[in-house]
Amino acid sequence: MLDVAVVGAGPYGLSIASHLRASGIAHRIFGTPMQTWRSHMPQGMFLKSDGFASNLYEPSGTVTLARHCAEHGVPYADLGLPVSREVFADYGVAFQRRCVPNLEPVDVTGLEQEPGGFRLTLATGESLSARRVVLAVGIRHFAHMPKQLAGLPPALLSHSSQQPDLSVFAGREVVVLGAGASALDCAALLAKAGATVRLVARAPKIEFHEGPGGKTRSLLDRIRAPWSGLGPGWRSRLCTDAPLLFHAMPERFRLLVVRKHLGPAPGWWTRAMVEGKVAFHLGQTVIAAAERDGRAELTLGGADGTRTTLAADHVIAATGYRPDMAKLGFLSPSIREAIRTAEDAPVLSRNFESSVPGLYFVGLAAANSFGPVSRFAFGAGFTARRLARHLDGRWLPALARRRPMQEAVSFADAA
Ligand SMILES: Cc1cc2nc3c(=O)[nH]c(=O)nc-3n(C[C@H](O)[C@H](O)[C@H](O)COP(=O)(O)OP(=O)(O)OC[C@H]3O[C@@H](n4cnc5c(N)ncnc54)[C@H](O)[C@@H]3O)c2cc1C
């Protein structure tokens, strides 16, 4: 029986597999590399996280985005220069080729318990047994669609994760729902592509992310709001530096922080791309949606009780992602029922283990346990180190047991 199976080849799955490989832990990893970033994010978008916080992690800490950019002649800065989706996805694929060459680019279609572990079924039809399984399935299964939109047919409604190429809407009228990075990215890219765009959000104001201020930040600014992998501020700093402290907090506190800290905030550079180019309908809630004469018609309610209608050729719900075990259709019903949850996300031990022994969750699904850092690639470093050490089961420092990486292969060679 295989020791560990990793499901998912995004930043978390790849970082974890590179640590397992370096520790000599027998494992297999399944999934299309960086699929979320390559197929479920809009072409032309930029990451909100700073360059230094947009890495995948292997034990030596040298296979960084900075190095990838240097080797490929791509402009890079730790702060202040947004990283494009394309560069990040390319970097992730190069990381995979170099550090996780054993990746099997196939989906896991079934997971059930069997004596001593789990039985996985692959899309190829193969099945295998593994003692322990790490679910690094990211965000793809968890796209959130507000129920008020249920009256619209698929031709008139999509989730932002379904629209990697927004240029198909050139010349059409599109309503984007949401106030976060996804919504503002979509709106900006739609306007750039020549669509007529209206953005509808419950928030009364769009809170754009603060720019880095980089070199101009005074010593006092840096003491008041130190920089972190999640942006400036002591709260963010605590989230990145002390995820185990977060885990030790009472559940109610953790759920509140995950809901409230780092709310919707588009990247600072999108402001110039939307102002004067996108019509904003802020402080508006979608009450109902219906098809009328082949178009989508939304009924909006304002905080003052007013009602308006808005018609469009298409509605894009950039309404985010919410972990929900019921949406992981490849899990057997008995596993789904056995996973203890809080607000539909799994309750996890300090080692990412769920209430099903041997079944681990990382990334977004772990945010209620380890804090907002788990929603970002930046959290993959802590996660990979801790989980690999736990799965290894030995308490020697990882450094003492690490097999050297094959440094002779450069990114350029690997790509
Ligand atoms: C619009 C948008 C902008 C974002 N911007 C940032 C940003 O700037 N910085 C940042 O750090 N984070 C950002 N994020 C969050 C981002 O999703 C995470 O940081 C990152 O992708 C998490 O990595 P992951 O490996 O957990 O998940 P993912 O990247 O989602 O990877 C999970 C992988 O698992 C695969 N998978 C799922 N199910 C199966 C299965 N059954 N079998 C095989 N494979 C499977 C998926 O296809 C996917 O490739 C953004 C998210 C969105 C939606």
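Residues numbered from 1 in each chain as written. Predicted model: local features only at pLDDT ≥ 70, side-chain atom pairs only at ≥ 80, totals over all residues. Heavy atoms only, no water.

**Here's the deal with the overall build of the protein**
Stage number 1. Looking only at helices and strands, one finds 15 helices and 18 strands in the protein.
Stage number 2. Relative to its length of 415 residues, the protein is compact, with a C-alpha radius of gyration of 22 Å against a globular reference of 22 Å.
Stage number 3. In terms of overall dimensions, the protein has C-alpha extents of about 65 × 55 × 45 Å along its principal axes.
Stage number 4. Every one of the 415 residues in the protein was classed for burial, and the buried ones make up 51%.
Stage number 5. Put simply, of all contacts in the protein between residues at least 6 apart along the chain, 67% involve residues at least 24 apart.
Stage number 6. Accessible surface computed for the protein: about 18,500 Å², of which carbon and sulfur atoms make up 55%.
Stage number 7. Across the protein, the 46 positively charged side chains and the 34 negatively charged ones have centroids separated by 5 Å. (Helix = DSSP H or I, 4+ residues; strand = E, 2+ residues; numbered from the N terminus. Rg over C-alpha atoms; globule rule 2.2 N^0.38 Å. Buried < 20%, exposed > 50% of the residue type's maximum accessible area, 1.4 Å probe, protein only. Contact = heavy atoms within 4.5 Å. Areas by Shrake-Rupley, 256 points an atom, 1.4 Å probe, with all protein chains shown as cover. Lys, Arg positive; Asp, Glu negative; His and termini not counted. Charge placed at Lys NZ, Arg CZ, Asp CG, Glu CD.)

**Focus on the domain arrangement of the protein**
By a widespread convention, an interface's size corresponds to the accessible area lost as its parts come together.
Stage number 1. Assigned domains within the protein: domain 1 (2–142 + 321–414) and domain 2 (147–208 + 265–317).
Stage number 2. Using only C-alpha atoms to locate each centre, domain 1 and domain 2 end up separated by 32 Å.
Stage number 3. Across the contact, 13 residues belong to domain 1 and 15 residues belong to domain 2.
Stage number 4. Our enumeration of links across domain 1 and domain 2 arrives at zero salt bridges.
Stage number 5. Linking domain 1 with domain 2 are two residue pairs in polar contact (both at pLDDT 80 or more).
Stage number 6. Of the residues that constitute the side of domain 1 that touches domain 2, the class distribution is seven nonpolar, five polar and one charged. (Domains from an automatic or database assignment. Salt bridge = Lys/Arg side-chain N within 4 Å of Asp/Glu carboxyl O. Polar contact = N/O pair within 3.5 Å; in protein donor to acceptor, adjacent residues only side chain to side chain. Nonpolar A, V, L, I, M, F, W, Y, C, P; charged D, E, K, R; others polar.)

**Points about the site of the ligand**
Stage number 1. Taken together, 31 residues are adjacent to the ligand, and Q35, T36, K48, H141 and A377 come closest.
Stage number 2. Within the side chain of R140, a nitrogen or oxygen atom sits 2.8 Å from an oxygen atom of the ligand.
Stage number 3. In this structure, R375 approaches the ligand through a main-chain N or O atom, which is 3.5 Å from an oxygen atom.
Stage number 4. Notes on the ligand: free accessible area 960 Å², of which the protein chains cover 95%.
Stage number 5. Every element with two or more residues in the shell around the ligand is listed here: α1 (11–23) and α2 (35–39).
Stage number 6. For the shell around the ligand, the element with the most residues is α2, which contributes three residues.
Stage number 7. When the residues that make up the shell around the ligand are grouped by side-chain class, the tally is 17 nonpolar, ten polar and four charged. (Near = heavy atom within 4 Å.)

**Brief notes about the packing of aromatic side chains**
Stage number 1. In the structure shown here, the tally under the stated rule is nine aromatic pairs.
Stage number 2. With a centroid separation of 6.0 Å and an interplanar angle of 55°, the aromatic rings of F370 and F382 are classed as tilted. Of the two residues, F370 is situated in helix α12 (residues 367–370) and F382 in helix α13 (residues 379–392); the sequence distance between them amounts to twelve residues. No difference in accessibility class separates F370 from F382, as the two residues are buried.
Stage number 3. Linked through ring pairs, W37, F88, Y91 and F95 together constitute an aromatic cluster. (Phe/Tyr/Trp six-rings, centres within 6.5 Å; stacked < 30°, edge-to-face > 60°.)

**Thoughts on the sheet that holds strand β13 (residues 295–302)**
Hydrogen bonding along the main chain pairs the strands of a sheet, whether they run parallel or antiparallel.
Stage number 1. The strand order across the open sheet built from three strands is β12-β13-β14, with neighbouring strands paired in antiparallel fashion. At either end of the open sheet lies a strand with only one pairing partner, and these are β12 (284–292) and β14 (307–312). The mean angle between the axes of side-by-side strands here comes to 25°, regardless of whether they run parallel or antiparallel. (Pairing = 2+ DSSP bridges. Axes fitted to C-alpha atoms, helices over the stretch in contact; angles between N-to-C directions.)

**Structural notes on the environment of A317**
Stage number 1. Within the secondary structure, A317 is located in strand β15 (residues 314–317).
Stage number 2. Residue A317 is classed as buried on the basis of its relative accessible area of 0%.
Stage number 3. C-alpha separation for the pair A317 and L149, spaced 168 residues apart in sequence, amounts to 8.9 Å.

**Points about the sheet that holds strand β7 (residues 173–177)**
Stage number 1. Pairing is parallel across the open sheet formed by five strands, whose spatial order is β6-β15-β7-β8-β11. For this open sheet the edge positions go to β6 (157–159) and β11 (279–282), each flanked by a neighbour on one side alone. Along the sheet, successive strands turn relative to each other by an average axial angle of 20°, direction set aside.
Stage number 2. Bridge count between strand β8 (residues 196–201) and β11: four bridges; the pairing is parallel. Across the sheet, V200 pairs through a bridge with H281, a residue of β11.

**Quick look at the pairing of β14**
The two faces of a sheet get side chains in turn, since along a regular strand they alternate between them.
Stage number 1. Looking at chain direction, β13 and β14 are connected through six bridges and run antiparallel. The residue bridging A296 from the neighbouring strand is A312, located in β14.

**Description of the side chain of D50**
Stage number 1. Tracing the chain through its elements places D50 in the loop between α2 and α3 (65–72).
Stage number 2. D50 gets classed as buried once you look at its relative accessible area, which sits at 14%.

**Let's talk about unusual backbone geometry**
Stage number 1. In the Ramachandran plot, E343 falls in the positive-phi region, its phi being about 50° despite a non-glycine side chain.
Stage number 2. Mapped onto the fold, E343 is located in the loop between β16 (341–342) and β17 (345–346).
Stage number 3. Residue D344 is not a glycine yet carries a positive backbone phi of 70°.
Stage number 4. Here D344 lies in the loop between β16 and β17.

**Points about the environment of S182**
Stage number 1. Tracing the chain through its elements places S182 in helix α5 (residues 181–193).
Stage number 2. We classify S182 as partly exposed; its relative accessible area is 32%.
Stage number 3. Along the chain, S182 and C99 lie 83 residues apart, while their C-alpha atoms are 30 Å from each other.

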